[in-house]
Amino acid sequence: MGFLRKFLIWAMLIPALLLGALLAVPQFMGLQVCSVHSDDMPDYPSGALLYVRQEDPQNLGTGDVITYMVSQTQVQTHRITGVVTEEGNPSEIRFRTKGDAKAGEDPTLVYYRNVLGVPVLAIPMLGHAADFFATAAGMCAAVAVGIFWLLLVLMPLFTRKKKPAKGGKYLK
């Protein structure tokens, strides 16, 4: 029973630590973590975990790939096909974008304040796990696995057999 218990402890601990590190450590390095939800960009497949570095919009130009907010809850990653500035205010920048796998440009311009940055790394399939653990069901599953892991770790404390006192079974 000891081998199975130790195996289960490590089999649950290692993936949890790896996923936690992949989600948390990049944020300490100034990167933002997003999930890809479309196949508009072949380099960033749907379900990938995307790491985005903040970039000054003034430094972005045609051909750069950007990740930007489409709505309060949705981000998108597309390539810049054109930069549009306001006539009276050159600091008001908007970007014309297009997904590499799409036929035409996006119908709306991206306002510079909506740009999160440029993608620097994509890890396929991990975005699905990150999305799952962000839901209520995923959080419940994580808590349940954590409780199960804790019980496995603490089980020896409750199941130890008491050693007989010196002198054998029968002490007088």
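What counts as what
- Residues numbered from 1 in each chain as written.
- Predicted model: local features only at pLDDT ≥ 70, side-chain atom pairs only at ≥ 80, totals over all residues.
- Heavy atoms only, no water.
- Helix = DSSP H or I, 4+ residues; strand = E, 2+ residues; numbered from the N terminus.
- Core = buried A, V, L, I, M, F, W, Y, C linked by side-chain atoms within 4.5 Å.
- Buried < 20%, exposed > 50% of the residue type's maximum accessible area, 1.4 Å probe, protein only.
- Pairing = 2+ DSSP bridges.
- Contact = heavy atoms within 4.5 Å.
- Axes fitted to C-alpha atoms, helices over the stretch in contact; angles between N-to-C directions.
- Polar contact = N/O pair within 3.5 Å; in protein donor to acceptor, adjacent residues only side chain to side chain.
- Left-handed = near helix turned anticlockwise from the far one by under 90°.
- Nonpolar A, V, L, I, M, F, W, Y, C, P; charged D, E, K, R; others polar.

## So, unusual backbone geometry
Okay, step 1: Even without a glycine there, the phi angle at M125 is positive, about 75 degrees.
Okay, step 2: You can see M125 is positioned in the loop between β7 (115-123) and α2 (126-133).

## A closer look at the nonpolar core
Okay, step 1: Judged by nonpolar contacts, L60, I66, Y68, I80, I93, F95, V110, Y112, V115 and V118 together constitute the single largest core of 10 residues.
Okay, step 2: When residues of this core are traced back to their parent elements, those giving at least two are β3 (65-69), β5 (93-98) and β7.

## Notes on the sheet that holds strand β1 (residues 31-35)
As a general point, the strands of a sheet are linked pairwise by backbone hydrogen bonds and lie either parallel or antiparallel.
Okay, step 1: Strands sit in the order β1-β2-β7-β3-β4-β5-β6 across an open sheet of seven strands; the sheet is antiparallel. Among the strands making up the open sheet, the edge pair consists of β1 and β6 (110-111).
Okay, step 2: Direction of pairing for β1 relative to strand β2 (residues 49-53): antiparallel, over a ladder of five bridges. Counterpart to C34 in the pairing with β2 is L50.
Okay, step 3: Sheet strands in contact with helix α1 (residues 2-28) are β1, β2 and β7, and its direction is about 145 degrees off that of β1.

## What to know about the pairing of β3
Okay, step 1: Counting buried residues along β3, four of its five residues qualify, which places the element largely inside the surrounding structure.
Okay, step 2: A loop of five residues connects β3 with strand β4 (residues 75-85), the two strands running antiparallel in sequence.
Okay, step 3: In this sheet, β7 lies alongside β3 in antiparallel orientation, the contact comprising two bridges. By the bridge assignment, T67 is partnered in β7 with G117.

## Digging into the side chain of E92
Okay, step 1: Position of E92 among the secondary structure elements: in the loop between β4 and β5.
Okay, step 2: In this structure the side chain of E92 is engaged in a polar contact, spanning 2.4 Å, whose partner is the side chain of Y111.
Okay, step 3: Other than its neighbours up to four places away in sequence, E92 contacts V84, T85, E86, Y111, Y112 and R113.

## Quick word on the packing of α1 against helix α3 (residues 136-159)
Geometrically, a packed helix pair is captured by the angle between its two axes and the distance between the axes.
Okay, step 1: Across the interface, α1 lies against α3 with an axial gap of 10 Å and an inter-helix angle of 145 degrees. In this structure, α1 meets α3 at a crossing whose hand is left-handed. Residue-level contacts link R5, L8, I9, M12 and L13 of α1 to V145, F148, W149, L152, V153, M155 and P156 of α3.
Okay, step 2: In terms of residue class, the contact of α1 with α3 is built from 11 nonpolar, no polar and one charged.

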